[in-house]
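# Structural description and commentary
The primary structure of each chain is shown beneath.
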Protein chains: 4
Amino acid sequence: MADNSFGTLFRFTTFGESHGPAIGCIVDGVPPRLSLSENDIQPYLDRRKPGTSRFVTQRREDDHVRILSGVFDGKTTGTPIALMIENTDQRSKDYSNIAQQYRPGHADYAYDAKYGIRDYRGGGRSSARETASRVAAGAIAHHILASACPDLTIRGAVVQIGDHAVNRDNWNWDTKRDNPFFSPDAGIVPIWEDFLDDTRKKGSSAGAIIEIVADGVPAGLGGPIYNKLDAQLAAAMMSINAVKGVEIGDGFAAAAIPGDQAGDTMRANADGKPVFTSNHAGGVLGGISSGQPLVVRFVVKPTSSILTPRPSIDSDGNEIEVVTKGRHDPCVGIRAVPIGEAMMAVVLADMLMQQTAQCGLINPE
Amino acid sequence: MADNSFGTLFRFTTFGESHGPAIGCIVDGVPPRLSLSENDIQPYLDRRKPGTSRFVTQRREDDHVRILSGVFDGKTTGTPIALMIENTDQRSKDYSNIAQQYRPGHADYAYDAKYGIRDYRGGGRSSARETASRVAAGAIAHHILASACPDLTIRGAVVQIGDHAVNRDNWNWDTKRDNPFFSPDAGIVPIWEDFLDDTRKKGSSAGAIIEIVADGVPAGLGGPIYNKLDAQLAAAMMSINAVKGVEIGDGFAAAAIPGDQAGDTMRANADGKPVFTSNHAGGVLGGISSGQPLVVRFVVKPTSSILTPRPSIDSDGNEIEVVTKGRHDPCVGIRAVPIGEAMMAVVLADMLMQQTAQCGLINPE
Amino acid sequence: MADNSFGTLFRFTTFGESHGPAIGCIVDGVPPRLSLSENDIQPYLDRRKPGTSRFVTQRREDDHVRILSGVFDGKTTGTPIALMIENTDQRSKDYSNIAQQYRPGHADYAYDAKYGIRDYRGGGRSSARETASRVAAGAIAHHILASACPDLTIRGAVVQIGDHAVNRDNWNWDTKRDNPFFSPDAGIVPIWEDFLDDTRKKGSSAGAIIEIVADGVPAGLGGPIYNKLDAQLAAAMMSINAVKGVEIGDGFAAAAIPGDQAGDTMRANADGKPVFTSNHAGGVLGGISSGQPLVVRFVVKPTSSILTPRPSIDSDGNEIEVVTKGRHDPCVGIRAVPIGEAMMAVVLADMLMQQTAQCGLINPE
Amino acid sequence: MADNSFGTLFRFTTFGESHGPAIGCIVDGVPPRLSLSENDIQPYLDRRKPGTSRFVTQRREDDHVRILSGVFDGKTTGTPIALMIENTDQRSKDYSNIAQQYRPGHADYAYDAKYGIRDYRGGGRSSARETASRVAAGAIAHHILASACPDLTIRGAVVQIGDHAVNRDNWNWDTKRDNPFFSPDAGIVPIWEDFLDDTRKKGSSAGAIIEIVADGVPAGLGGPIYNKLDAQLAAAMMSINAVKGVEIGDGFAAAAIPGDQAGDTMRANADGKPVFTSNHAGGVLGGISSGQPLVVRFVVKPTSSILTPRPSIDSDGNEIEVVTKGRHDPCVGIRAVPIGEAMMAVVLADMLMQQTAQCGLINPE
């Protein structure tokens, strides 16, 4: 589809480079007459905002969102909602030395190969600044879901940093609010703190695995074959900066689980409704939601912007050494939690609208 | 997008249920004047065909493809190419006892929840029969790539069955042809044989991990942000039956690799062109191909159709026990290799056309 | 969008050349559990069929449609419905002399310019055979509308042939069934008969204007700005072979109507609901249906396949004279009536589903 | 497709209401390395701007456009280009009395029926303010075409106001610049002046017919069947506010032209290339450009905002009388010329990119 748009019915298009005047998006297909204001969107951006702990980027962006259209008298009109965030803290001088450099692990070389030109300041369009736009669009999606599916919740957590995984026996969603890592396991927090302080001192960085869980998802969302819910979620998460893999339910562990243990069996509850006895599937069967919790994980590679010098070349073919100075996350995965939650929301809102259209129009019985 | 279509410019739409009259697809956007006949497509279907070893389904489908349109005098006309495969070996009687049953791990319940109706014979639309349609479309994509990028190759292999992974030091693509597992490691073959014979006797099944590698991919394919090459590949592979995860390059292992080792550094060759010293990225940077080998892996869960009885319920809410008789693969992942290759081909063909459109139209210099 | 697909949610893709093995389509997004069989579709094809009067093509196609997928136990499953019509009466020898010729008014030259190749037999993909596919898809759309909007009717008529227009004071829909012209005015029939017999003897052809009216259309269909109902109808009708213009309501006559007479004023009925006092708008305001009758007209140019010799060139640049022998309509516009009705149906079905998705999901009050 | 987006490869999405903070668009798919600045876009907006003669709206908008992204160092980067225009002269108080009113001929009632809410100020999203966004997007399309097809020109003119049509024998494109009507016929100007002064004094309005001509269009653009060039142009023009019909070439006059005169015959020039002897087709054959001038006409109905009181109802069902005070065009058709030119440009840019993708990728000879 269009490079910078996501979705079919709930559909948003983002714009903006790291050091351009502004970033933002247009969100189309929003149901009318929902109450909406900047105050409904700003909190989602604040959760994503850099500068909230010593473990995330020290760049200070207010990420103040403005609604430019699509809302009247505090309610959505059904017409497209444009959101804009001015870039205020860019510090161009941090980047001027890299105009010609291809930083290892970054998209610099690939953009040049594709377009023959790139805005090198802060990574230009490849910058994680773009994720603010999708979190803003995601806020609207969250809002729609709150009206359409009041029992639906979307929550994300970091489940691994480096090779330190959480202890799932300690899982407590409330723990998330008490630590800067979105960790659901209180016990892992000091381990991650030490690990990241150590990583930062070494001038290196660490990867992470994020898990997003949606509860209360109605069964029936997702349209086989190429519009499968898990396929759309895979595309959604993989499109986030620095993501290198997406899995659902057991994910890659499913390779080694014997078939007679891997299926989720069903029993009937008092009303004859199916109750699943496990959730290996992660909430999706044949590409369609089963009503079980949707469990998606994605891996974020370690930040490519580190202080350790590494060999590379520049656009003229000269061999150079690259040190990416400036303000960088030691672990960008931490900030990906609200982004993953946003992508879960936009996919579910879109799928819900599509299901309503095809299967909610007529009741032949 | 439309549930049953994939792609933007090279775009195909599939149809067909396991036990309907036929399956097939329409492929749109094919460049004109390429020579094409059934003989160019049939070999790809044969590689996918069941009944070629004791380790895959014993259902005997000829999968004989017919071209119904879009080809004249042996050349593509640029108009849509319709391909059809008649279903000839359906054995309806194998499935009549499951009309009401929800088989664990299958899409039965989810389809009922979504549509309120399902063709239960052989899984209906959720059957892996559909993959024959995409392999046929993929054959055309392979054909386009052969003309547009003669140096581009796409090859897939099974790299793990159960928890038995190949030894990458033994990797030899030619080995693939000498064993029924698409294994690139001769040494693992007897291990897999014993493991699957054992699995079959137990009435169980095994999962697998498949790796697809594309060499000779031009740099510049893929359009950030939501049309990233890896995001499209993730959707493509996740849409294959029974897939529960997709990763690229280091994939989920990237979580634990230190940042100073995780980036692929570059040196210059004699012409000043960049040469990468490693391929952690798997051939994609910032969503755009870098020219490096594209390395994608996906996991196929163990077949849910097994002889071991498992508890479940039926559509009336009665608790039952399910034994899925009939002819079933002990490891469906093996057959996914040609399917993964097909999906790689259709994504690359589409991306190549999109890149040509945006960046090949004008040369401002 | 994809060249050979139409629609967003109710979406169909057609294939097939005039002299290929078959034509057909895949229809996606059909609501589940509607009863459907070939008997529901065949009558629409029969109305379009050539050979039913001396005024339309003498080619004898049975246009027998087969459903290949998407229906089970006589009901739609929600999965894609593939329809196929075998080409049985092609008479290739009628066309062999034109392989190199560019027939004036036909698409021969344009196809060669675009693709560098064309299936010249019967016009290949440019043939009006393709319209059988869309009429088949339209039959399913009509079927959906019958369930979703039982009060909605779609009726088309020819309102002008050559420069002989119907007398609107005589308009009677029932008249349509009693003449071979789909004329709603009994008085014009003998005039058209004489005119067309005369035209045929001269070896010439005539154009026509067709009017399609939909009554009982709910208000609110169509989504401004680029998904306006009238914009989609314009594209739909203009895509029919030989159409050169589309208008709605007053159409081009609106240029000369004073503004104080051109708007449709409203009064309130007993329930306070709006009643329009006229229908200059043709049922669309600001791109959205108003609940008024939808009135769309399109013009079909005179057939370019005539016996009168005309100068042209061939693909080698030689000047030639073209006489298109064979079996040809003196007025293709007559057969366009069921095609226009089909396109009206597919647009309304799609719009209805889109409206349901965006505005039917949530009721904030 | 998405309501507020147009195009497949060159694709833009607009936002903004008449009295919201701003209007604008995001343009995606722009080829990289084209020089672009606000100075390339502003002139197109100025031509559209109200307040440039006594015959067009007296609302004084500067329509000052800002580029927010997608341009670096004065060149397009290939990333999405966001354009924004602040609304500065809204005069809300002009509209407060119509909050409940359904103005005849306007979209008020239809928007309420669709969304259950509308921004009534100045027509909200239905306002012609939106056309500034498309003209801005069109400026970029014009820019692309100037690089890709230097011989291609797009020019529009008014050819009829009320029932006063231009004299085509006097046609001179240069005349357009010397009158406020975009008229190519100097002789009609005083007639139109008198007619519109008279219309205005009567508190009424007049319709118009606009003709857009593109010369130097390469043959081969447009993709049959549903992506026909004329079908896309029909949708493009019909989507403009107040348009009620679109025709190409002879248009509706084709109904009455005998078939032996209606086709454009071809002769060979010195190089054996085809030369057409007429242009009844208007530059399109079978939905594909023939290389002939593209001639498209559309009709704009008389403005519905007039001073003459007319009966209507309000949203509570009360019968009222509507006088739309404020600043209104006596003939909105005049301002539609640059808008029609913009839509021609966006369609051609998109078609050119699509043709390059499918037929420019491979040369099998």
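One can find the structure itself at the top, above this paragraph.
Looking now at the interface of chain C and chain D. Across the contact, 101 residues belong to chain C and 100 residues belong to chain D. The junction of chain C with chain D conceals about 7900 Å² of combined surface from both sides, 62% of it contributed by carbon and sulfur atoms. At the surface where chain C touches chain D, the tally comes to 2 salt bridges. Across the pair C:Arg267 and D:Glu319 runs a salt bridge, and its minimum N-O distance is 2.7 Å. Taken together, chain C and chain D are joined by 42 residue pairs in polar contact (both at pLDDT 80 or more). A breakdown of the residues in the side of chain C that touches chain D according to their chemical character gives 50 nonpolar, 33 polar and 18 charged. Pairing geometry for strand β11 (residues 243–248) of chain C and strand β11 (residues 243–248) of chain D, over 3 bridges, is antiparallel. Bridged to C:Gly245 within β11(D) is D:Glu247.

Our next topic: the pairing of strand β17 (residues 310–313) of chain D. Residues and elements named next belong to chain D. Pairing between β17 and strand β18 (residues 319–322): 4 bridges, direction antiparallel. Following the sheet pairing, Ile 313 is matched in β18 by Glu 319. Between the end of β17 and the start of β18, which pair antiparallel, lie 5 residues, with Gly 317 showing a positive phi angle near 90°.

Moving on, we come to unusual backbone geometry. Residue B:Pro224 is joined to B:Ile225 through a cis peptide bond whose omega torsion reads 20°. Its location among the elements puts B:Ile225 in the loop between β10 (208–215) and α5 (229–238). If you check the backbone angles, C:Ala242 has positive phi at about 75° while not being a glycine.

Another point: the relation of the copies chain C and chain D. Here the second copy of the chain follows from the first by a rotation about an axis and a shift along it. For the pair chain C and chain D, the superposition axis carries a translation of 0.0 Å, the fit reaches an RMSD of 0.0 Å, and the rotation angle comes to 180°. In short, the pair behaves as if placed about a two-fold rotation axis. Counting the interface residues of chain C, we find that 99% of their copies in chain D are interface residues as well, pointing to one common contact surface.

Residues and elements named next belong to chain D. Put simply, helix α3 (residues 130–148) and helix α7 (residues 336–359) touch, their axes get as near as 7 Å, and they point 50° apart. When the interaxial angle is binned, α3 and α7 end up oblique. The chirality of how α3 crosses α7 is left-handed. Contacts between α3 and α7 involve Thr 131, Arg 134, Val 135, Ala 137, Gly 138, Ala 141, His 142, Leu 145 and Ala 148 from the first element and Pro 338, Ile 339, Glu 341, Ala 342, Met 343, Ala 345, Val 346, Leu 348, Ala 349 and Leu 352 from the second. For the contact of α3 with α7, the per-class residue count stands at 14 nonpolar, 3 polar and 2 charged.

The next point concerns the interface of chain A and chain D. If you look at the interface, chain A gives 40 residues, while chain D gives 40 residues. Roughly 3200 Å² of surface becomes buried between chain A and chain D when both sides are summed, with 66% attributable to carbon and sulfur atoms. Summed over the three residues of chain A that lose the most area to chain D, namely A:Phe72, A:Tyr115 and A:Ile117, the buried surface amounts to 19% of that side. The tally of links between chain A and chain D comes to 0 salt bridges. Counting across the interface, chain A meets chain D through 8 residue pairs in polar contact (both at pLDDT 80 or more). Broken down by secondary-structure element, the contributors of at least two residues to the side of chain A that touches chain D are β2 (11–15), β3 (22–28), β4 (65–67), β5 (71–72), β6 (75–76), β7 (81–86) and α2 (108–115) of chain A.

Residue and element names in this part refer to chain D. With 13 residues, helix α4 (residues 189–201) should reach 18 Å at 1.5 Å per residue; the first-to-last C-alpha distance of 18 Å fits that figure. All of the buried residues in α4 are Val 189, Trp 192, Leu 196 and Thr 199. Buried residues along α4 cover an arc of 90° about the axis, so they all sit on one side. Counted as exposed and oriented over 90 degrees from the buried face of α4: Asp 194 and Lys 201. At the C-terminal side of α4, Gly 203 shows a positive phi close to 70°.

Reading the values: rules and limits
- Residues numbered from 1 in each chain as written.
- Chains lettered and ligands numbered in written order.
- Predicted model: local features only at pLDDT ≥ 70, side-chain atom pairs only at ≥ 80, totals over all residues.
- Heavy atoms only, no water.
- Contact = heavy atoms within 4.5 Å.
- Buried area = accessible area lost by both parts, 1.4 Å probe.
- Salt bridge = Lys/Arg side-chain N within 4 Å of Asp/Glu carboxyl O.
- Polar contact = N/O pair within 3.5 Å; in protein donor to acceptor, adjacent residues only side chain to side chain.
- Nonpolar A, V, L, I, M, F, W, Y, C, P; charged D, E, K, R; others polar.
- Pairing = 2+ DSSP bridges.
- Helix = DSSP H or I, 4+ residues; strand = E, 2+ residues; numbered from the N terminus.
- Least-squares fit on C-alpha atoms with pLDDT ≥ 70 in both.
- Axes fitted to C-alpha atoms, helices over the stretch in contact; angles between N-to-C directions.
- Parallel < 35°, antiparallel > 145°, perpendicular 65-115°, else oblique.
- Left-handed = near helix turned anticlockwise from the far one by under 90°.
- Expected span 1.5 Å × (residues − 1).
- Buried < 20%, exposed > 50% of the residue type's maximum accessible area, 1.4 Å probe, protein only.
- Arc of directions from axis to C-beta.

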